[in-house]
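Chain by chain, the residues:
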Amino acid sequence: MTPIYQTSTYAQPEPAVHKGYDYSRTANPTRTALETCLASLEDATYGLAFASGMAAITTIAYLLNPGDRILGPDDVYGGTYRLFVRVLQRYGIQPAFVDMTDLTRVEAAMAARPRMVVIETPTNPFLKILDISRIAELAHAHDALVVVDNTFASPYFQQPLGLGADLVVHSTTKYLGGHSDVVGGGLATSSKEIYETLKFHQNAAGAVPGPFDCWLVLRGIKTLAVRMERHASNALQVAQFLRGHPAVARVLYPGLPDHPGHHLASRQMKGFGGMVSAVLKGGGQVARTAASATRVFILAESLGGVESLLDHPASMTHASLAGSPLQIDEGLLRLSVGIEHVQDLIDDLKQALEKAK
Ligand code: P1T
């Protein structure tokens, strides 16, 4: 097993001779093992690990300068939206958001010459599928950098660098960690220039993970493949159950053949993932009651752990979008389908929807 190098500093042979490790903000062997592993999972040359997914995304933003524009999808993790609008904007970076399922809108938005295009697919929380190759072509034609947040798919189901992305970012808190016991982030790229700039900023800004957290993510990754297979097969069955339920207006799961992104997902991904969203017919009140009535699904933010979680995005993960043009339906529930016995999950949803009637 990779040892946990629980050290902040390293004995040096003599002053001013910097060989190997010197200080753990700059590098730590347990973190190096995770960074190498992240690179390998994404078929990349370089990997970097961070203290959270947001720390990784913030570090990517250091590639930008005041006056630069950044383009994101209209459906994006609330924390990413908040970073773009309430933090980066104060430093002169101008964010814009478009529905990236519509490539004509992406093309039109490129006229403003964004320096960076951030793609999240499947999106959080509506599980839209965005065409990484086509968006990357449009972005590259305008010299923009392409970043893909690959948190929802995990590298087991999707490898964006092979589809034309320049950089991949992860919240390792989710499927990579896999057990809801660690917060972390990571990124991967095959560009030496991008890597070196980001490595400089990782050390300069300092949002690095501790060695024990790196070890937890590494241990989680060992079972990524078997967990993802089970997440996906459970999610499909949960989605099929919800689709047949009279209280449910709409089920959003890319594995359902009538999902608008199903064909694209079949090409771009090796599996459809473990996230399922559903809009309830009764709206916000019914969704909140159902969310409080489950016994196996735990009402909590986050996703990607072995245990099933339930989220009410409008009041929880995406509350920071309130008042923005990006509207989250009050009746929307987002399920992170775990690896429990699928019948337990279906029975739980059945009784919760019955109580919410
Ligand atoms: O929570 P953190 O490790 O900082 O990761 C942020 C992040 C980045 N990208 C995506 C797609 C995410 O979903 C997240 C975090 N998301 C949740 C906590 C959530 O429940 O959606």
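Here the structure is a predicted model, which means the values were calculated and not measured.

**Student:** Sorry if this is basic, but what is going on with the sheet that holds strand E10 (residues 298–299) here?
**Tutor:** Across a sheet, strands are paired by hydrogen bonds formed along the backbone, either parallel or antiparallel in direction. The mixed open sheet is built from 5 strands, whose spatial order is E8-E9-E12-E11-E10. The open sheet terminates on both sides in strands that have one partner only, identified here as strand E8 (248–252) and E10. Examined bridge by bridge, strand E9 (residues 275–280) and strand E12 (residues 332–336) share 5 bridges and lie antiparallel to one another. If you follow Ser277 over to E12, its bridge partner there is Arg334.

**Student:** Could you clarify how one ought to interpret the packing of aromatic side chains in this entry?
**Tutor:** Aromatic rings in a pair are described by how distant their centres are and how their planes are angled relative to each other. The full count for this structure, using the stated rule, is 6 aromatic pairs. Measuring from centroid to centroid gives 5.6 Å for Tyr10 and Tyr21, while their planes differ by 35°, and the two rings are tilted. You can see Tyr10 sitting in the segment before helix H1 (29–41) and its partner Tyr21 sitting in the segment before H1, a full 11 residues away along the chain. Residue classification places Tyr10 among the buried residues on the basis of a relative accessible area of 15%. For Tyr21, a relative accessible area of 30% gives the class partly exposed. Relative to Trp215, the ring of Phe212 lies with its centre 5.8 Å away and its plane at 15°, an arrangement referred to as stacked. Remark: Trp215 and Phe212 occur in helix H8 (residues 211–221); sequence separation between them is 3 residues, near one turn of the helix.

**Student:** What is the right way to look at the sheet that holds strand E4 (residues 116–120) in this model?
**Tutor:** Overall, mixed pairing links the 7 strands, which are arranged E1-E7-E6-E5-E4-E2-E3 in an open sheet. Only two strands of the sheet have a single partner each, and these edge strands are strand E1 (46–50) and strand E3 (94–98). Taking the axes of each pair of neighbouring strands and ignoring which way they run, one obtains an average angle of 20° across the sheet. In terms of strand pairing, strand E2 (residues 69–73) meets E3 through 5 bridges, oriented parallel. In the strand pairing of E3, Gly72 is matched with Phe97. Against the sheet, helix H3 (residues 78–87) engages E2, E3 and E4, with an angle of about 140° to E3. On the sheet, helix H7 (residues 192–205) packs against E1, strand E5 (145–149), strand E6 (167–171) and strand E7 (185–189) and is oriented at approximately 25° with respect to E1.

**Student:** Any chance you could explain the packing of helix H4 (residues 103–110) against helix H5 (residues 132–141) here in plain terms?
**Tutor:** Each pair of packed helices gets described by two things: the angle between the helix axes and the distance between those axes. One way to put it is that H4 packs onto H5 with a least axis distance of 10 Å and a crossing angle of 20°. Classified by the angle between their axes, H4 and H5 sit roughly parallel to one another. H4 and H5 meet at a crossing whose hand is right-handed. Across from Leu103, Val106, Glu107 and Met110 in H4, the residues of H5 making contact are Arg134, Ile135, Leu138 and Ala139. Looking at the contact of H4 with H5, its residues break down into 6 nonpolar, no polar and 2 charged.

**Student:** How should I be thinking about the site of the ligand in this particular structure?
**Tutor:** The local shell around the ligand holds 19 residues, among which Asp149, Ser171, Thr173, Ser302 and Arg334 are the closest. Interatomic distance of 2.6 Å between a side-chain N/O atom of Asp149 and a nitrogen atom of the ligand. Contact between the ligand and Ser302: an oxygen atom at 2.8 Å from a main-chain N or O atom of the residue. Taking 470 Å² as the accessible area of the ligand by itself, protein coverage stands at 93%. Looking at which element gives the most residues to the shell around the ligand, the answer is helix H2 (residues 53–61), with 3 residues. Of the residues contributing to the shell around the ligand, the split by class is 5 nonpolar, 9 polar and 5 charged. Shared between two domains, the shell around the ligand takes at least three residues from each, and those domains are domain 1 (29–221) and domain 2 (224–355).

**Student:** Help me out: how do you make sense of the side chain of Asn234 in this one?
**Tutor:** Along the polypeptide, Asn234 turns up in helix H9 (residues 224–243). Among the residues examined, Asn234 registers a relative accessible area of 3% and is labelled buried. Separated by 2.9 Å, the side chain of Asn234 and the backbone oxygen of Glu340 make a polar contact. The residues contacting Asn234, other than those within four sequence positions of it, are Val337, Gly338, Ile339, Glu340, Val342 and Leu345.

**Student:** I keep staring at the pattern of salt bridges and nothing clicks. Help me out?
**Tutor:** Oppositely charged side chains may form a pair once their charged atoms are brought near each other. Following the criterion strictly, the structure yields 10 salt bridges and no others. Between Asp74 and Lys128 there is a salt bridge, and its shortest N-O distance comes to 3.1 Å. Within this pair, whereas Asp74 is found in the loop between E2 and H3, its partner Lys128 is found in the loop between E4 and H5, the two being separated by 54 residues in sequence. Of the residues examined, Asp74 reaches a relative accessible area of 24% and is grouped as partly exposed. In this structure, the salt-bridge partner of Glu354 is Lys357, at a minimum N-O distance of 3.2 Å. For Glu354, a relative accessible area of 47% gives the class partly exposed. Accessibility expressed as a relative area gives 75% for Lys357, which makes it exposed. What emerges from the salt-bridge pattern is a single network uniting Asp74, Asp99 and Lys128.

Cut-offs and rules
- Residues numbered from 1 in each chain as written.
- Predicted model: local features only at pLDDT ≥ 70, side-chain atom pairs only at ≥ 80, totals over all residues.
- Heavy atoms only, no water.
- Pairing = 2+ DSSP bridges.
- Helix = DSSP H or I, 4+ residues; strand = E, 2+ residues; numbered from the N terminus.
- Phe/Tyr/Trp six-rings, centres within 6.5 Å; stacked < 30°, edge-to-face > 60°.
- Buried < 20%, exposed > 50% of the residue type's maximum accessible area, 1.4 Å probe, protein only.
- Axes fitted to C-alpha atoms, helices over the stretch in contact; angles between N-to-C directions.
- Contact = heavy atoms within 4.5 Å.
- Parallel < 35°, antiparallel > 145°, perpendicular 65-115°, else oblique.
- Left-handed = near helix turned anticlockwise from the far one by under 90°.
- Nonpolar A, V, L, I, M, F, W, Y, C, P; charged D, E, K, R; others polar.
- Near = heavy atom within 4 Å.
- Polar contact = N/O pair within 3.5 Å; in protein donor to acceptor, adjacent residues only side chain to side chain.
- Areas by Shrake-Rupley, 256 points an atom, 1.4 Å probe, with all protein chains shown as cover.
- Domains from an automatic or database assignment.
- Salt bridge = Lys/Arg side-chain N within 4 Å of Asp/Glu carboxyl O.

It is worth stressing that arrangement in space is one thing and function is another; only the former is reported here.
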